[in-house]
Amino acid sequence: MFESLSQRLSSTVQRLRGRGRLTEENIQESLREVRIALLEADVALPVVQALVDRVKMRAVGQEVLKSLTPGQALVKVVSDELTAVMGQTNEALDLAAQPPAVVLMAGLQGAGKTTTVAKLARLLGERQKKKVMVVSCDVYRPAAIAQLQTLAEQVGVAFFPSEAGQDPVDIARNAVAAAKRELVDVLIVDTAGRLHVDEKMMEEIQRLHAALNPIETLFTVDAMTGQDAANTAKAFADALPLTGVVLTKTDGDARGGAALSVRHITGKPIKFLGAGEKTDALEPFHPDRVAQRILGMGDVLSLVEEVERKVDHEKAQNLAKKVMKGKRFDLVDMRDQLEQMMNMGGLAGLMDKMPGMGQLPEAVKQKANDGEVKRMIAIINSMTQKERRHPDLLKGSRKARVARGSGTQPADVNRLLKQYMQMSKMMSKFGKGGGKGLMRQMRGAMKGMRGGMPPMR
Amino acid sequence: MLKFWKKKNDPAADKREAAHGDADAEAPRDEAVRDDVATPAEAETEAPSRAPETAEAAAEPPRSWRERLGGSSFARGLGGLFKRNPPLDDALLDELETLLITSDVGVTASTALVEALRPRVRKREFVDAGALRQALRQALIEQLRPVQQPLDVSARQPFVMLVVGVNGVGKTTTIGKLAHHHLAAGRKVMLAAGDTFRAAAVEQLKTWGERNRVPVVAQGQGADSASVIFDALQGAQSRKADLLIADTAGRLHTQGGLMDELGKIARVLKKLDPDAPHEVLMVIDGTTGQNAISQVRQFHQAIGVTGLVVTKLDGTARGGVVFALAREFGLPIRYIGLGEGIADLRPFDAEAYVDGLLPAETDA
C-alpha cells in the first residue's frame, strides 16, 4: 500500500529539496501536484482540501521561506501535516474494563470484519495472553456464522454458537453472559455488513451497541474504498460512538487514501492494518511511520520490530557463536537464513519498509520475487547432509543430481554456490571484526541475490 | 437517502417516469430495466428493507435504477447544482469537476470531461445551465454506451461463466443473483463452489443453491479449485445444463501466485471445452476508488476478463470509476448489483445509469 502515493509525493518533494529558494509560484505548483497525488490516491476531496490549505498556510508563511533549506522545510511541513491528519502515535486497544471487555465490529459488506475478528482474537490471545471468545451476530449472510466458527477453530479461541433465526441482540446478550461464566477476558462481536443508508440495519447495530456497552467499537474499512469512504465513515461515526478504525486489505496496491479520509472524518485513530489472508496478518498501525513511508523515507522501525519478533533467537545466536569461533558458515546455516527471511514476509515485505524503495521502478521490485529464495531452499534440501556441510564436494555429477532433485538447472546450483561463497566470505569478516547483528547478516544475504538490489542511498 | 431526493423531486419524478413510458415503446431493449419503475409511494414504504429469506426477496417488487441511484450524493449534487440555474462561468465548471471527482470518476477523466465543455461554454454554445446539463449527460452516456453489451449465454451449451474478483466484492452474492436471473429466463443452471480457501465459502454458495434450487458441485474447503470446477463442467455436460457459474476465491490482484491459479483454472477447463470459460466475469465493488483500474488491469492480464459486474451501488457510492474503466479497457459491463435481495441484479444500461445520476429534465 501507499507506494504510488509515495512515488508521486517523493518525486515532487525531491524536486523541491534541491531548490535554494522557493517562490510562491513553485510552491503553488507543488501544492497542485500534492493535491492531484492525494486525489488519485482516493483521499476524499474535503480532506484533501483541508490538508492542502494547512500546508499552504504554513508554506507561504515565514517558516518555509526564511529557512536556509526551503525545500527541506516544505517537505517537513507536508510530512507533519500528513502525520497530523493520521494521528501521532499508535493507539492500542483499550481493554481496561471489568471482564469481559467487549469489542464490537462494524462496517460495510465485504470490508473484512469476520477475518479481522479472527486476526484480532489471535493477536490478543498470542501476544497479550488474553482469553478470547468470539461470537457472530450476522444472521443475514448465508454461512457467515459457519465462517467465524471455522476461523475460531483455526486460531484456537472460544466460539459462542449462534443461529440464523435468532435476534442479533439476543445473541449478543447470551454471549456476554456466557463470557462472564467462562471467565473470558475479551469478547469480540462480529456483526453483519450493513450499508450506512439502511436505516433499519443501522438501528439494529445501535441496539447491539446499547445492549453490549462495548469498550471498543471498531469500524472496519477496505483500504481500496474511494471517495465514498467519507460518507460511510461519517454515517457510522454519527450512528455509533466509534473508538477506532481497522484498515483492511492493505496488502494490495491501493494508495491508502481511505486511511487519511476515515481518520480525518471520524477523528478516531486507525488502530490496526489488515495485510493478508493469513490469521497473523494484522499489524498495529503507526501513523508517524506511515507518513514517513508515504514520503519515501522508509519504515525502518517497523522492520526492526518485525525482525525482533520473527527471528528465531536461538538459531541466530548459535550462528553468531559459530561464526565468532571462526567455524565455517555452511549451507545449513544459509538455509536457516533464507527461511527466516521468508518468515518475515519475504523480500517484497522487507523492501516495502526500507528507505528509498518507493522510487525503485516496478520492474526491479518484481525481480525481487520470493520464488528465487524458495528455489534456493529447494536446492539445498536436495543435497545430502555431507554436501551441505562441505559444499566443496559438489562437482559435476553431484550438481546434476541436485539440480534434478530440486527441479532446477545445474546453472541454478552454480549460482547458489557462488552466493554461498560470497556469504561465507562476509561471515568470516564478521568473525574477525567481531561485528554481529542480524541487520548486517541480512544485508549480506540480500546483496548476494541475483539481480541484486541497487545500492541504497 | 430516498426521502431526501423524493421530497424535492416528486413532481418531476412522475413526469420523468411518464416520459420514459413513451421511450419504452421505441426502445424495447430497455424494457427489462424500465418495466419495474415503481411509483414513488411504493418505493417509499419499502425503501431500505432487507430480505434475508428467498420468499420475501422474490415477492418484493424490484426498485428501479433511477430510484436507487437517484439518492446518491453524485445525483443530488448534480441535481442541486443545476437547479439553482447559476450563471455559466468557470466557477460552475470547477464545481462540476469537483463533483465528478467526489464520485470517483477520477482526476484525469473528470478534467477531460470538464475541459471538453469549457471552450463550448466560452463560445456561448449553451443557452442556460440546462443545456450544459444535456451536454454533460451526452458526454457521460457516450463514454458508457460502448460498454453496454448484454451477455448472451445461449451461444454455447453448457455456457461456462467464471466469476473472479478481489476479496469481499460480492462474488458469491452475485452468483446467487445470476442464478436466479437465468433460472427466471428458463435456463438450467449449475453452480461450482470454486472458493475452496475462505472459511465457509462453500456453505455460503450451497445456501444460494438451495434458495434457487439449483445443484451445486463442491468438494469442501481446501480442495483444488481447478479440480472442483473441472468436475462441475463434466457434470454440467452430462446433465446437459445450459449454464455453469463457477465461484472462485477472492484474491488481491497483487498476489502473483493466486493470480496464476486463475490461469490454471482456465487451462484445465479447456481440456473439456476448448472455448471455456466462455465468460470471465469480474466483480468490482462499487465503493472502490481508483484502485479498481489496477484490479481490472491485473485480472485482465492473468485470465482475460470478458465482462464486468459492479456491485453495492445501493449505498451512496456511485462507482464513478466505471467511466475510467470504460475509457481504459472498454470491457463490457454486464450487470450492476443494487442490493442484497435475490432479484437485485440488473443488466447494465448506459442511459439508465446516467439517468439515475443526472436526470434529463430540469426540475422546475
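In this text, all values refer to a predicted model and were calculated from it rather than measured experimentally.

### Considering the confidence of the model for chain A
Scored by pLDDT, chain A comes out at a mean of 79, with 71% of its residues at no less than 70. A low-confidence stretch, residues 433-442 of chain A stays under pLDDT 50, and its non-local contacts, those more than four residues away or across chains, total 14 contacts.

### Some points on the domain arrangement of chain B
All names here are of chain B. Partitioning chain B into domains gives domain 1 (67-147) and domain 2 (159-348). For domain 1 versus domain 2, the separation of C-alpha centres amounts to 33 Å. The partner domain 2 presents 25 residues to the 15 residues of domain 1 that form the contact. With both sides pooled, the region where domain 1 packs onto domain 2 buries about 1600 Å², and carbon together with sulfur makes up 62% of that total.

### Quick notes on the packing of helix H13 (residues 256-272) of chain B against helix H14 (residues 291-303) of chain B
All names here are of chain B. The geometry of H13 relative to H14 is characterised by a closest axis approach of 8 Å and an angle of 40° between their N-to-C directions. As far as their axial angle goes, H14 and H13 are oblique. Helix-helix and strand crossings are classified by hand; for H13 and H14 the assignment is right-handed. Side by side, H13 and H14 meet where Met259, Leu262, Gly263 and Ala266 of the first sit next to Gln298, Phe299, Ala302 and Ile303 of the second. Across the contact of H13 with H14, the residue classes tally to six nonpolar, two polar and no charged.

### Details of the interface of chain A and chain B
With 38 residues of chain A at the contact, the number on the chain B side is 46 residues. Both sides together, the interface formed by chain A and chain B hides about 3500 Å², and carbon and sulfur atoms give 56% of it. When residues of chain A are sorted by the area they lose upon contact with chain B, Pro142(A), Met224(A) and Glu277(A) head the list and together hold 18% of the total. Here chain A is connected to chain B by zero salt bridges. For the interface between chain A and chain B, the tally reads twelve residue pairs in polar contact (both at pLDDT 80 or more). Residue assignment for the side of chain A that touches chain B shows that the elements contributing at least two residues are helix H2 (24-40), helix H7 (144-155), helix H9 (199-212) and helix H10 (228-239) of chain A.

### Some remarks on the UniProt feature "domain: SRP54-type proteins GTP-binding" (unreviewed entry) in chain B
Listed under "domain: SRP54-type proteins GTP-binding" (unreviewed entry) in the UniProt record, and renumbered for this structure, are residues 332-345 of chain B. Annotated as residues 332-345 of chain B, this span is 0% helix and 43% strand, and its ends, taken at the C-alpha atoms, are 16 Å apart.

### Observations concerning the pattern of salt bridges
The full count for this structure, using the stated rule, is 22 salt bridges over all chains. One salt bridge in this structure joins Arg194(A) and Glu204(A), with 3.3 Å as the shortest N-O distance. Of this pair, Arg194(A) sits in the loop between strand S4 (186-190) and H9 while Glu204(A) is found in helix H9, placing the two residues ten residues apart along the sequence. For the pair formed by Arg194(A) and Glu204(A), the shared burial category is buried. Each of Asp90(B), Asp94(B), Glu115(B), Arg118(B) and Arg122(B) takes part in salt bridges that share partners, so that together they form one network.

The rules behind these values
- Residues numbered from 1 in each chain as written.
- Chains lettered and ligands numbered in written order.
- Predicted model: local features only at pLDDT ≥ 70, side-chain atom pairs only at ≥ 80, totals over all residues.
- Heavy atoms only, no water.
- pLDDT = per-residue confidence, 0-100.
- Contact = heavy atoms within 4.5 Å.
- Domains from an automatic or database assignment.
- Buried area = accessible area lost by both parts, 1.4 Å probe.
- Axes fitted to C-alpha atoms, helices over the stretch in contact; angles between N-to-C directions.
- Helix = DSSP H or I, 4+ residues; strand = E, 2+ residues; numbered from the N terminus.
- Parallel < 35°, antiparallel > 145°, perpendicular 65-115°, else oblique.
- Left-handed = near helix turned anticlockwise from the far one by under 90°.
- Nonpolar A, V, L, I, M, F, W, Y, C, P; charged D, E, K, R; others polar.
- Salt bridge = Lys/Arg side-chain N within 4 Å of Asp/Glu carboxyl O.
- Polar contact = N/O pair within 3.5 Å; in protein donor to acceptor, adjacent residues only side chain to side chain.
- UniProt positions renumbered as here; feature names shortened; annotations may be inferred.
- Buried < 20%, exposed > 50% of the residue type's maximum accessible area, 1.4 Å probe, protein only.

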